[in-house]
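What follows is the residue order along each chain.
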Amino acid sequence: MSRQLMVVGNWKMNKNLLEAFSLTSEIITQAKKLSGTIEIVLAPPAPYLHTINSMAKDVAHVKVAAQNCHFEMSGAYTGEISAEMLHSMNLAYVILGHSERRKYFGEDHVILKKKVSAAIKAGVKVIFCCGEPLDVREAGNQQAFVQKQLEESLFHLSAADMSQVVVAYEPVWAIGTGKTASPDQAQSMHAFIRTQISNTFTVDIANNCTILYGGSCKPSNATELFEQPDVDGALVGGAALKSADFLQIVNARTKAIFNNC
């Protein structure tokens, strides 16, 4: 497998300054002891990005991601952050399309398409989130729903640009609810996403694309999720706020490599 295996910690709007730096320090201390096979990505709130990126700069397999960016490079957009600003801080990634951004801030396919293009143009890799709500899953329309998200916001990219994208499948019904997609459900959707990428771009692009699971991944279910061949890692929410839990998930991803050999 040539694609990058990865565990991303999305802190959302949590942690004060000292708590954020303490959590980062705990994770980096343990990350230094790891082989570097797994890329660890921390996505703290925007005010902490620069300092946390500086804290992580000497550990090659620890990267930092922003949780959002605007689609314009500059301008009169009070309170917004551009992809160019993120690039100027040497940030590796930006998370786009998270279900909470879609739900609470009205980000639709058109807006996300522009954000994806802006990030790639600025030289910032994208972690693109997609996934269906409960009513769509219960109706059995999850594949068509996710396919539209990919087509409308991601598949306008060139093959070269697509190689700068990580896809995160987040079943909306499993975010913050304690529910988790079964390993079979996760594998089925991940395989479907990879097939759509292959059909739109190339088999190589699809095989090299990292696809993460992002629905209430925690230490208790990480191992069985990572045993699935198309689940390359996780976009972790609540469990990312405790270093012990987050590092257990990282370790589970590491162990799964050897178990699958």
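Residues numbered from 1 in each chain as written. Predicted model: local features only at pLDDT ≥ 70, side-chain atom pairs only at ≥ 80, totals over all residues. Heavy atoms only, no water.

For the protein, the name recorded in an unreviewed UniProt entry is Triosephosphate isomerase, with Aureispira anguillae as its organism. A UniProt comment under Sequence similarities (unreviewed entry) is attached to the protein, and it reads "Belongs to the triosephosphate isomerase family." (UniProt positions renumbered as here; feature names shortened; annotations may be inferred.)

Asks: So what's going on with the state of the cysteines? Which residues, and what values?
Replies: Within this structure, the stated rule accounts for zero disulfides. Here Cys 69 stays unpaired: no disulfide links it, and the sulfur of Cys 129, its closest cysteine neighbor, is 13 Å away. Owing to a relative accessible area of 1%, Cys 69 belongs among the buried residues under this scheme. The structure places no disulfide on Cys 129, whose sulfur is separated from the nearest cysteine sulfur, that of Cys 130, by 7.6 Å. (Disulfide = S-S within 2.5 Å. Buried < 20%, exposed > 50% of the residue type's maximum accessible area, 1.4 Å probe, protein only.)

Asks: Describe the environment of Ile 257, with residues and values.
Replies: Relative to the elements of secondary structure, Ile 257 occurs in helix H12 (residues 243-259). Sequence separation between Ile 257 and Ser 158 is 99 residues; the distance between their C-alpha atoms is 31 Å. Discounting residues that sit within four places of it in the chain, Ile 257 has contacts with Leu 5, Thr 37 and Ile 38. (Helix = DSSP H or I, 4+ residues; strand = E, 2+ residues; numbered from the N terminus. Contact = heavy atoms within 4.5 Å.)

Asks: Help me get a handle on the UniProt feature "binding site: substrate" (unreviewed entry) in the protein, residues and values and all.
Replies: Under the local residue numbering, the UniProt record ascribes the feature "binding site: substrate" (unreviewed entry) to Asn 10, Trp 11, Lys 12, Gly 176, Ser 216, Gly 237 and Gly 238. The largest pairwise C-alpha distance within this set of annotated residues, which runs over 229 residues, is 13.7 Å, so the set is compact in three dimensions. Among the secondary structure elements, Trp 11 is positioned in the loop between strand S1 (5-10) and helix H1 (17-31). Non-local contacts of Trp 11, meaning those with residues more than four positions away in its chain, are made with Ala 20, Leu 23, Thr 24, Ala 43, Pro 44, Pro 45, Ile 52, Gln 67, Ala 240 and Leu 241. Along the polypeptide, Gly 237 turns up in the loop between strand S8 (233-236) and H12. Contact partners of Gly 237, with chain neighbours within four places excluded, come to Asn 10 and Lys 12.

Asks: I'd like a description of the nonpolar core, backed by residues and values.
Replies: Grouped together as the largest cluster of nonpolar side chains are 71 residues, with contacts concentrated most on Leu 154, Met 162, Val 167, Ile 193 and Ile 197. By residue number, the principal contributor to this core is H12, which donates six residues. Residues within four places of Val 167 in sequence aside, it is in contact with Phe 128, Cys 130, Leu 154, Met 162, Ile 193, Ile 197, Cys 209, Thr 210, Ile 211 and Leu 212. (Core = buried A, V, L, I, M, F, W, Y, C linked by side-chain atoms within 4.5 Å.)

Asks: Explain the UniProt feature "active site" (unreviewed entry) in the protein residue by residue, including any values.
Replies: The residues that UniProt annotates with the feature "active site" (unreviewed entry) are His 98 and Glu 170. The greatest C-alpha distance among the annotated residues, which extend across 73 residues, is 8.2 Å, indicating that they converge on a single site. Mapping His 98 onto the fold places it in the loop between strand S4 (93-96) and helix H4 (99-105). Once you skip the residues sitting within four places of it in the chain, His 98 turns out to touch Asn 10, Lys 12, Cys 129, Glu 170 and Leu 235. A distance of 3.0 Å separates the side chain of His 98 from the backbone nitrogen of Glu 100, its partner in a polar contact. (Polar contact = N/O pair within 3.5 Å; in protein donor to acceptor, adjacent residues only side chain to side chain.)

Asks: With reference to specific residues and values, describe the pairing of strand S6 (residues 165-169).
Replies: Where burial is concerned, most of S6 is hidden: five out of the five residues are buried. Covered by surrounding structure in S6 are Val 165, Val 167 and Tyr 169 together with Val 166 and Ala 168, the residues of both alternating faces. Both strand S5 (residues 125-130) and S6 contribute to a ladder of five bridges, which runs parallel. Residue pairing across strands places Ile 127 opposite Val 166, the latter belonging to S6. (Pairing = 2+ DSSP bridges.)

Asks: Give a detailed account of the packing of aromatic side chains, specifying residues and quantitative values.
Replies: Each pair of aromatic rings is reported with the distance of its centres and the angle of its planes. Evaluation of the coordinates by the stated rule reveals three aromatic pairs. When the ring of Phe 155 is compared with that of Phe 201, the centres are 5.5 Å apart and the planes differ by 85°; the resulting orientation is edge-to-face. Highlighted residues: Phe 155 in the loop between helix H7 (142-153) and helix H8 (159-162) and Phe 201 in the loop between helix H9 (183-200) and helix H10 (203-208), separated in sequence by 46 residues. Accessibility classification places Phe 155 together with Phe 201 in one group, the buried group. Over the aromatic face of Phe 105 sits the side chain of Arg 101, whose NZ or CZ is 4.0 Å from the ring centroid. (Phe/Tyr/Trp six-rings, centres within 6.5 Å; stacked < 30°, edge-to-face > 60°. Lys NZ or Arg CZ within 6 Å of the ring centre and 35° of its normal.)

Asks: Now, about the environment of Gln 143: what can you tell me, with residues and values included?
Replies: You can see Gln 143 is positioned in helix H7. Under the relative-accessibility criterion, Gln 143 is labelled partly exposed at 36%. For the pair Gln 143 and Phe 192, spaced 49 residues apart in the sequence, the C-alpha separation amounts to 7.4 Å. Excluding anything up to four places from it in sequence, Gln 143 contacts Ser 188, Met 189 and Phe 192.

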